[in-house]
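Chain and residue survey
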Amino acid sequence: MESRRARSGRRARPSRRRPLLYTALATVAVLGATAGGTVYVKAQAHSGEGAVSSSSAEPSASASGSADGGVTVESVAAPEVDHDALLAGAMKSVTVPGDAKVSVAVLDVDSGDSATYGSAAFDTASIVKVDILATLLLQAQDAGRHLTAAEKSSATTMIENSDNTSASELWRIIGKAEGLDAANERFGLTGTDGGDDMLWGLTQTTAADQLRLLRQVFGDDSELSEASRTYLQGLMRQIAAGQHWGVSAAADGSSWALKNGWLARSTTGLWDINSIGRVTSGGRTYLVAVLSNGSATQAKGISLVEAAAKAAVSVFADDGASATTTATDY
């Protein structure tokens, strides 16, 4: 650029110093922001200047030069969250009385993330009734038929009222444990074994398997047809008033569908208390399965199951709030 003196006609005095030439090569690395918003920026120019930086942080984004001299910030995947560990931490707040044991599995339907606490097998008690009806519906699908009027009547009282006589009738129709186990193999249940003969309530299962069953009942990727899923879901939303407990404790209002199980073991006098179902909390949908045994009373077992269900949902309540960095040119 010409100086004012040159433009006014006066001869500019030649400079005895050569202009400083800065090379256009610069490396800029934006290594992201901490939760508090601290950003680490490192700039290096070939002009003899030193590097300048602020507080360092974990890397979350990288930058590179663009053809027009700008800087492109590229997104980097957020670190994977260990939801099992988070659930184990949440379960520390749950009081487990006496010799009772509890296991829980939860799926955040919106994100697809899940967590499991405990891997032991438990008696199903009456939650197996969901599995019995799912098996009956699958068998009917394979045969290309609808449920009979008698089967529908038994299904309704079995799920809504937890009627044992109805459960025994359908248990015979599906082929008892052999029929249940065959259906569960297709459902993806790997840790569930049907009870001996007519002892369907002593079917053994895990919380993880019950979560798999719930995905068959409530998910689109299922061996069950949409009509079968809708039918079973409808029954689980109309549970008798006296059975409005369990995983529903983690739901907002009446936004739940469930099946509970309770059984006082004759050998010990202690209670098996279980609950499985779908709940909506804070605008998010969850599948939750809680299994327990060893409670001194039914009431104590219910309190344990409800506390575990709330802890499970809490793991994901604030999940998804983490920010992501998108590719942007500056």
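Preceding this section is the structure that the text describes.
The structure displayed is predicted, hence computed values, not measured ones.

1. Points about the packing of aromatic side chains
- The tally for this structure, following the rule as stated, stands at two aromatic pairs.
- On the basis of an interplanar angle of 65° and a centroid distance of 5.9 Å, the ring pair of tryptophan 245 and tryptophan 262 is categorised as edge-to-face. Residue tryptophan 245 is located in the loop between helix H8 (226–236) and strand E9 (256–264), and its partner tryptophan 262 is located in strand E9; the two are separated by 17 residues in the primary sequence.
- A residue is classified by how much of its surface remains accessible, and tryptophan 262, at 27% relative accessible area, is partly exposed.
- When the centroid spacing of 6.4 Å and the interplanar angle of 40° are considered together, the rings of tyrosine 286 and phenylalanine 316 count as tilted. Of this pair, tyrosine 286 sits in strand E11 (residues 284–293) while phenylalanine 316 sits in helix H9 (residues 298–317), and the two are 30 residues apart along the sequence.
- Judged by relative accessible area, phenylalanine 316 falls into the buried class, the value being 0%.

2. Brief notes about the pattern of salt bridges
- Evaluation of the coordinates by the stated rule reveals eight salt bridges.
- Its salt-bridge partner being arginine 265, residue aspartate 123 comes within 2.6 Å of it at the nearest N-O pair. Taken together, the positions of aspartate 123 in strand E7 (residues 122–123) and arginine 265 in the loop between E9 and strand E10 (271–281) put the pair 142 residues apart, joining distant regions of the chain.
- Judged by its relative accessible area of 11%, aspartate 123 falls in the buried class.
- Overall, arginine 265 belongs to the partly exposed group, its relative accessible area being 25%.
- Note that aspartate 209 and arginine 212 form a salt bridge whose closest N and O atoms lie 2.5 Å from each other. In this pair, aspartate 209 and arginine 212 both sit in helix H7 (residues 207–218), three residues apart, roughly one turn of the helix.

3. Some details on helix H5 (residues 164–174)
- Here H5 has its buried residues at Ser166, Ala167, Ser168, Leu170, Trp171 and Ile174.
- Of the surrounding secondary structure, the elements contacted by the buried residues of H5 are helix H3 (128–143), helix H4 (149–160) and helix H6 (176–187).
- Near the N-terminus of H5, the side chain that reaches the backbone nitrogen of threonine 165, with its oxygen 3.4 Å away, is that of aspartate 163.
- Positive backbone phi, approximately 95°, marks glycine 175, located one or two places after H5.

Calculation rules
- Residues numbered from 1 in each chain as written.
- Predicted model: local features only at pLDDT ≥ 70, side-chain atom pairs only at ≥ 80, totals over all residues.
- Heavy atoms only, no water.
- Phe/Tyr/Trp six-rings, centres within 6.5 Å; stacked < 30°, edge-to-face > 60°.
- Helix = DSSP H or I, 4+ residues; strand = E, 2+ residues; numbered from the N terminus.
- Buried < 20%, exposed > 50% of the residue type's maximum accessible area, 1.4 Å probe, protein only.
- Salt bridge = Lys/Arg side-chain N within 4 Å of Asp/Glu carboxyl O.
- Contact = heavy atoms within 4.5 Å.
- Polar contact = N/O pair within 3.5 Å; in protein donor to acceptor, adjacent residues only side chain to side chain.

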